[in-house]
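Notes for the structure review
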Amino acid sequence: MSATLADAEDPTYTHFAHKDAFFGLLSDFLALDVSRAPARGEDENEEALVKDLGAILDHYLPLPGLLDPHIDQIIPPLMDALAKQVIALAQDTELPNPSRLNRLGRVINWVVKVRGWKAVVQHFPSTISYLPSLIAILSPPTTPSSSSTPLTAQHPLIAHQDAWETRAVLLLWLALLLTVPFSLSALSAPHPVQASQYGIDAPASALLFSAPTSDLSQRVILLSLPLLQRSGKEGAYAALVLARVFSRTDAVQGLSGFLGWAGAELEEGDREGEANLVASLLELLALLPSMLPLGHLDTLDGFMANTLLPHLRGSRTAASSGLIRKLAIKARGRYWLTKLSQVRESEGEEAIPEGLEEELDDLMTGLADKDTIVRYSSAKYIARLTAVLPEDFASQIVLATINLFQGTEDEPVVETPFGTVLDPGGSAPGGTMGFGGTEGANKGESRWHGVCLAVAEMARRGLVKDEAVGEAVQWVMKALTFDIRRATHSIGSNVRDAAAYVLWSLSRACPPATIAPYAEDMATGMMCAACFDREVGVRRAASAAYQEGVGRLGLYPKGIDVLAKSDFYSVSVRRIAFTIAAPAIAEHAVYRRRMRDHLHNITLRHWDEAMRTLAAVALKDLLKLGDEDGLNDAIEREIKQVPSMDANNVHGGLSALTQIASLLSVTDDRRANIFLALGSIRPAALVSPQAGPIIKQACDVICATLNQAIIKSAGSQAILDKFIEAGMKRRETECQEGVADVYGCLSALRDASREVVKLVGDLKATRAVQKQAAALSLGHIRYDGCQSSLDKSVAALLAQLEDGTKADVETRRYAIRSLADIAVQQNQDGVRLVAAEQLDQLISAITLALADYSTDQRGDVGSWIRIAALNALALIVPDIAQASPAAPGKCPISQNSFDKLMGGIVKLLVEKLEPVRAAAARCWGLLRAAGVSEVWVWPEGKVLDVELKEPYEEAFRYVDQKDWFGRTMPLLRTKYRGELMAGLVLCMGSQIVSVSAMAFEPFHAYLSTQDAAQAGEESLKDTVMRDLGGIMAENLGSNRVFVPCLVTSAKVFRSGLFSDVDASLAGLSKSCTRFISLASRGIDKMKSIDRISASMAVVIAALRLKDAGVRHTAGGNLGVFLKHRFPRIRSMCAEQLYLELSDIQDEVHPELEEVLIGTVWTEDEGFEEAADEVVRLVQQELGQ
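- Per an unreviewed UniProt entry, the chain carries the name Armadillo-type protein and comes from Dioszegia hungarica.

**What about the overall build of the chain?**
- Helix and strand content of the chain: 57 helices and 4 strands.
- Computed over the C-alpha atoms, the radius of gyration of the chain is 41 Å, more than 25% above the 32 Å expected from 2.2 N^0.38 for a compact globule of 1184 residues.
- Along the first, second and third principal axes, the C-alpha atoms of the chain reach 110 × 100 × 55 Å.
- For the chain, with 1184 residues in total, the buried portion stands at 54%.
- Sequence-distant contacts in the chain: of pairs separated by 6 or more residues, those separated by 24 or more amount to 72%.

**Side note on the packing of helix H48 (residues 993-1008) against helix H49 (residues 1020-1034)**
- Contact geometry of H48 with H49 gives a least axis separation of 10 Å together with a crossing angle of 140 degrees. One element, H48, and the other, H49, form an angle in the oblique class. Regarding H48 and H49, the two cross each other, and that crossing is left-handed. Between H48 and H49, the contacting residues are Phe-1003, Tyr-1006 and Leu-1007 on the first element and Leu-1020, Lys-1021 and Val-1024 on the second.
- A breakdown of the residues in the contact of H48 with H49 according to their chemical character gives 5 nonpolar, no polar and 1 charged.

**Structural notes on the UniProt feature "domain: Tubulin-folding cofactor D ARM repeats" (unreviewed entry) in the chain**
- In the numbering used here, UniProt assigns the feature "domain: Tubulin-folding cofactor D ARM repeats" (unreviewed entry) to residues 342-411 and 442-560.
- As annotated, residues 342-411 comprises 66% helix and 0% strand, and the C-alpha atoms at either end are separated by 40 Å.

**Some details on unusual backbone geometry**
- In this structure, Asp-466 is a non-glycine residue whose phi angle is positive, near 50 degrees.
- With respect to the helices and strands, the residue Asp-466 is situated in the loop between helix H20 (445-460) and helix H21 (467-479).
- On the accessibility criterion, Asp-466 (57% relative accessible area) is exposed.
- Backbone geometry places Lys-558, a non-glycine residue, at a positive phi of 50 degrees.
- Structurally, the position occupied by Lys-558 is in the loop between helix H25 (536-552) and helix H26 (559-565).

**Some details on empty space enclosed by the protein**
- Enumeration over the complete set of coordinates arrives at 1 cavity of 30 Å³ or more.
- A volume near 110 Å³ is recorded for the largest cavity.
- Contributing to the lining of the largest cavity are 14 residues, with Arg-496, Phe-532, Asp-533, His-598 and Ile-602 lying nearest its centre.
- Broken down by element, the residue count for the lining of the largest cavity peaks at 3 residues, all from helix H24 (residues 519-532).

**Some thoughts on the environment of Val-536**
- Note that Val-536 resides in helix H25.
- C-alpha of Val-536 to C-alpha of Ala-577: the two residues are 41 residues apart in sequence and 9.8 Å apart in space.

**Thoughts on helix H40 (residues 809-823)**
- With 15 residues, H40 ought to run about 21 Å at 1.5 Å a step, and its terminal C-alpha atoms sit 21 Å apart, in line with that.
- Where burial is concerned, most of H40 is hidden: 12 out of the 15 residues are buried.
- Along H40, the residues that are buried comprise Val-809, Glu-810, Thr-811, Arg-812, Tyr-814, Ala-815, Ile-816, Ser-818, Leu-819, Ala-820, Ile-822 and Ala-823.
- Packed against the buried residues of H40 are helix H36 (733-749), helix H38 (768-780), helix H39 (790-800), helix H41 (836-849) and helix H42 (862-883).

**Comments concerning the packing of aromatic side chains**
- Applying the stated criterion across every chain yields a total of 21 aromatic pairs.
- Their ring planes at 70 degrees and their centres at 5.9 Å tell us that Trp-448 and Trp-475 sit as a pair that is edge-to-face. Here Trp-448, found in helix H20, pairs with Trp-475, found in helix H21; they are 27 residues apart in sequence, far enough to count as distant.
- Note on Trp-448: relative accessible area 0%, which makes it buried.
- With 5.4 Å between their ring centres and 85 degrees between their planes, Phe-956 and Trp-964 make a pair best called edge-to-face. We note that Phe-956, like Trp-964, is buried.
- Three or more aromatic residues joined by ring pairs form one cluster here, namely Phe-16, Phe-22, Phe-23 and Tyr-60.
- The ring of Tyr-381 has Arg-384 lying over it, and the distance from NZ or CZ to the ring centre is 5.0 Å.
- The ring centre of Phe-1167 lies 3.9 Å from the NZ or CZ of Arg-1130, which sits over that ring.

**Let's talk about the side chain of Arg-447**
- Checked against the element boundaries, Arg-447 lands in helix H20.
- In this structure the side chain of Arg-447 is engaged in a polar contact, spanning 2.9 Å, whose partner is the backbone oxygen of Gly-426.

**Some details on a negative patch on the surface**
- Residues Glu-354, Glu-357, Glu-358 and Asp-361 make up a contiguous surface patch of negative charge.
- Mapping Glu-354 onto the fold places it in the loop between helix H16 (322-347) and helix H17 (356-366).
- Residue classification places Glu-354 among the exposed residues on the basis of a relative accessible area of 80%.

**Details of the pattern of salt bridges**
- Evaluated as defined, the whole model comprises 64 salt bridges.
- We note a salt bridge from Arg-100 to Glu-46, for which the minimum N-O separation is 2.6 Å. Of this pair, Arg-100 sits in helix H4 (residues 98-115) while Glu-46 sits in helix H2 (residues 42-59), and the two are 54 residues apart along the sequence.
- Overall, the relative accessible area of 5% leaves Glu-46 in the buried class.

**Observations concerning the confidence of the model for the chain**
- Taken over all residues, the pLDDT of the chain has a mean of 88, while the share at 70 or more is 95%.
- Low pLDDT (under 50) marks residues 144-148, which in the prediction has 2 contacts with non-local residues, meaning those over four places away or in another chain.

**Focus on the environment of Ala-279**
- Along the chain, Ala-279 turns up in helix H13 (residues 275-287).
- According to the relative accessible area criterion, Ala-279 is buried, its value standing at 12%.
- Residue contacts for Ala-279: discarding those within four places in its chain leaves Ile-324 and Leu-327.

**A short note on the side chain of Asp-879**
- Locating Asp-879 in the fold gives a position in helix H42.
- Side chain to side chain, Asp-879 and Arg-832 meet in a polar contact 2.6 Å long.
- Residue contacts for Asp-879: discarding those within four places in its chain leaves Val-824, Gln-826 and Arg-832.

**A look at the environment of Trp-336**
- If you trace the backbone, Trp-336 turns up in helix H16.
- Contact partners of Trp-336, with chain neighbours within four places excluded, come to Pro-353, Glu-354, Gly-355, Leu-356, Glu-359 and Leu-385.
- At a separation of 3.3 Å, a polar atom in the side chain of Trp-336 contacts the side chain of Glu-359.

**Concerning the packing of helix H44 (residues 914-930) against helix H46 (residues 961-968)**
- Where H44 meets H46, the closest approach of the two axes is 13 Å, and the angle between their N-to-C directions is 50 degrees. Classed by the angle they form, the pair H44 and H46 counts as oblique. When the axes of H44 and H46 are compared, the crossing they make is left-handed. Within the contact between the two elements, H44 uses Glu-914, Arg-917 and Ala-921 and H46 uses Gln-961, Trp-964 and Phe-965.
- Along the lines of polarity and charge, the residues of the contact of H44 with H46 split into 3 nonpolar, 1 polar and 2 charged.

**Things to note about helix H6 (residues 130-138)**
- Most of H6 is tucked away, with 7 of its 9 residues classed as buried.
- On the buried face of H6, the contacting elements are helix H3 (68-91), helix H7 (156-159), helix H8 (164-177) and helix H10 (215-224).

**Observations concerning the state of the cysteines**
- A full pass over the atoms with the stated rule returns 0 disulfides.
- In this structure Cys-452 is not part of a disulfide, and its nearest cysteine sulfur, from Cys-510, lies 15 Å away.
- Exposure remark for Cys-452: the relative accessible area of 0% places this residue in the buried category.
- The structure places no disulfide on Cys-987, whose sulfur is separated from the nearest cysteine sulfur, that of Cys-1045, by 12 Å.

Each value, and the rule that gives it
Residues numbered from 1 in each chain as written. Predicted model: local features only at pLDDT ≥ 70, side-chain atom pairs only at ≥ 80, totals over all residues. Heavy atoms only, no water. Helix = DSSP H or I, 4+ residues; strand = E, 2+ residues; numbered from the N terminus. Rg over C-alpha atoms; globule rule 2.2 N^0.38 Å. Buried < 20%, exposed > 50% of the residue type's maximum accessible area, 1.4 Å probe, protein only. Contact = heavy atoms within 4.5 Å. Axes fitted to C-alpha atoms, helices over the stretch in contact; angles between N-to-C directions. Parallel < 35°, antiparallel > 145°, perpendicular 65-115°, else oblique. Left-handed = near helix turned anticlockwise from the far one by under 90°. Nonpolar A, V, L, I, M, F, W, Y, C, P; charged D, E, K, R; others polar. UniProt positions renumbered as here; feature names shortened; annotations may be inferred. 1 Å grid on protein atoms, 1.4 Å probe; cavity = no way out; pocket = protein on both sides within 12 Å on 5 of 7 lines; lining within 4 Å. Points joined across faces, edges and corners; volume = space filled by probe spheres on them. Expected span 1.5 Å × (residues − 1). Phe/Tyr/Trp six-rings, centres within 6.5 Å; stacked < 30°, edge-to-face > 60°. Lys NZ or Arg CZ within 6 Å of the ring centre and 35° of its normal. Polar contact = N/O pair within 3.5 Å; in protein donor to acceptor, adjacent residues only side chain to side chain. Patch = residues over 30% accessible without salt bridge, like charges linked within 9 Å, V, L, I, M, F, W, Y side chains within 5 Å. Areas by Shrake-Rupley, 256 points an atom, 1.4 Å probe, with all protein chains shown as cover. Salt bridge = Lys/Arg side-chain N within 4 Å of Asp/Glu carboxyl O. Lys, Arg positive; Asp, Glu negative; His and termini not counted. Charge placed at Lys NZ, Arg CZ, Asp CG, Glu CD. pLDDT = per-residue confidence, 0-100. Disulfide = S-S within 2.5 Å.

Here it is as structure tokens:
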């Protein structure tokens, strides 16, 4: 479908853009012979064809009217094909294939789903001759049966569950044909109607047809009854068929009997399983009022009021099903619309039927339902009923609906001092029409949402007038900021979205003179929501409402200019809305005042930390546009929030003060006021669950305000100590970063020797978090003001990287980072502070950290250290290269040290973990960009090119990793071959199939393309295998490395890469023999199943090699596994050996096959003799 929907990324919806593709697919579909069974393989192609057609149709769900000009080209050919099959089924002649018939029904139903049945059914065939055939196939088979219950409810080919779409289309077609303008009695049936044939007993039949009913009507009613019990469209369309029957003057007399039968079914049926029947009955009751002949409306009212609704009240059916409550609202709403129309025609425009007020009360209770579909249905019918009532009565309904915002007398709305909703109040008890539906609903939110929808629907119809407009605007502006925290989430996004809908409706329908008094309030409120709301949907809705007002009213201040800055795309990304759109709009003072108040009162007090942070940035941008009075006011308002008991208020205040402080000059006295405000933070706030962000933000305030005057002032040290100590005790990374920043600011303003002594002492503390913060802080200190303390810091940090130090992973990671930060520090003259000897020690320690593979319960935590080391080298080495002369001999880093660190980087270029590979690739790229090859001998830098795109960690995710490994393979021909192999084996031998494949496939492809070695030269394959053997020999005691080496060796043997190994290539033969020896060493004493299995795989895979000596050695080592003390290993070896031999040869030697399969390897006796026999036969078979 990618080609078919090639322009799906441009959803402009101006026309049926996929017309040609759709009709091409439709032509292929119609060419299928429905009467013929599909051949093998055609089923899948036809299913794909139907899905492609459906995908194109689904693309137009947002604007299905674009299909209207083409419906008469889509539906008629499909219905003609279906009509042929209907006739064939009715006559039992050439029966269609069930699968293809179902697909035909599915395509038609797909069009109905997208466009709606009312628009599509007009294009169905209306020839009355199809009516008997439809009735025949939708009725049970007429074949006599000993049972009174029919075998199937319809023709067997359309009765199974998968054919529901075909049945739905046939029911729609039947409903159309029932609108014929002559009596149904004229179409007499050839056989008398037998209700038992439809599964209806005699008493039920007598009740159904208590009034004279034509045979054809009886058949239609009887075939529809079983379908009323079906869910979804079958039940709805069966209700439509019955509505068509009972709306006819020649069949309406049967309505009372049907309603009597329905009441009996409800009374006698199972309440747990009645939901489908109730839903279908409500669909019927919603359709009938506008279709019934005059004089029969009271029959419906009596059934609903006396039977159906009392049955549902108090039952779980309605309380648990939002669909049933929605259909009940729909049925009652349509009944009263028809009732009002008839009463006004007979009694005059001002007549109001009895019971309407109670009905309106029921609809208003539906506005607080827990399900959106119920609330929206209630809102629509309140508005529709209001639109046909006298103006005085309608205005009362509008005001009564708006008053629902206030809550109840016992639970009124509670607001904050600045007008936002704190408690939305309570709702009327009983639920929707007394059915329930309020259980589990968020208190008040559902009611506010429903009332907003109702007011919007009434406003859209021009029903909100005069004083009601002011009332509506007052409450809707509160709804536009409705955001209440409930446990770990908030509620209210749907309320805010509906509030924007109300404002859109008011702008659309109300005259400008009515809106004028409230235009400024509406405009500024909508812009605050469009820029500062948390949800993208609400921001877009507010922007759309503003656009409607600008276009229709022309009342909003600077409307055209503001609209250009707050369009659909400008407010789609939250960061852009806060930092670009908002400042642009705030250039106009009328919006700036409201936006500042919104930020102070709402967004900076928001429950989401990210929102508060963005709000602080936005406030800073707005204050830049204002005057000093606005700046002073902002400082005063936010300082008042610092002592608050609400952690969100405290954090928001500190975030704002941080940004405001950046607007002040270094010597501004207001900096001191902000700094001293930190002392008013309650102690409890620093130990609460939200303490981390508060401490971090307090540290940011310190960094933003600190100057010489503050440091020298009384009480400043106490505040500094308070937050430094609090931050040193926190585990959160942001708190430790904040403390380190504070130390950095302090060291820039005064001698930090005392702080260095304290931090060095903290590195010896027992609390891990204290050591972590100290290690990080030592790197932030500026040592040009305390050079005497530099040696202490470097020594203390290097000590954390020594093997004997029991420093945790986080401390070691921070130590590496701090060492890098210290290494690049310079004094005012541009001279590096770290001595050359110290720098050499520092580089050596960081190079060793590249090989840190520490693990704990969290996994490979050593990867954090490896990444830190890579980032450190990416900072130090380019800095040294740029500062060093071209002569390599004068560089602080020797060529030997450079080669070592580059070897470590090369190994990590092919690391198993992607974040480590990304860091290594970034480091490599930075070294290339810094021109390190001009300082050290590094020709290998030209082998691998890396494009730097920051942030590189994100960009590296989109690099094809298999391609990345392929680009590193030329390094196998450099001096870093051993390091590259050390990294590759960990990937190629990984248990994760995808990781193993993306490394091994490029490795295999590269070695396969290398030319054979010349005489007297060593081939690349030989050197690679020798390096692999060396890695195995060095790591015999480390399963972390040795097992991946074994897996890699087995992969190499099976890949055919070395299938040409023979006696003429002694080096490769020697390497392969060495692998077998290393793999088999000490196996009888091993307990690791993974290692034993991998060793076994190497030995068995070596049987594939061409060299007879290698095969003989491998065969001899099979006994180690076939005689192993673990029965599982013996059995596994025999099984894998048999599979391997079957793959190597056309067939296994019969005697060898008998031993391998016939021996019970899990028994404690008899396996040793069998193992010896297997070894002998294998060596005999493959050693030739």
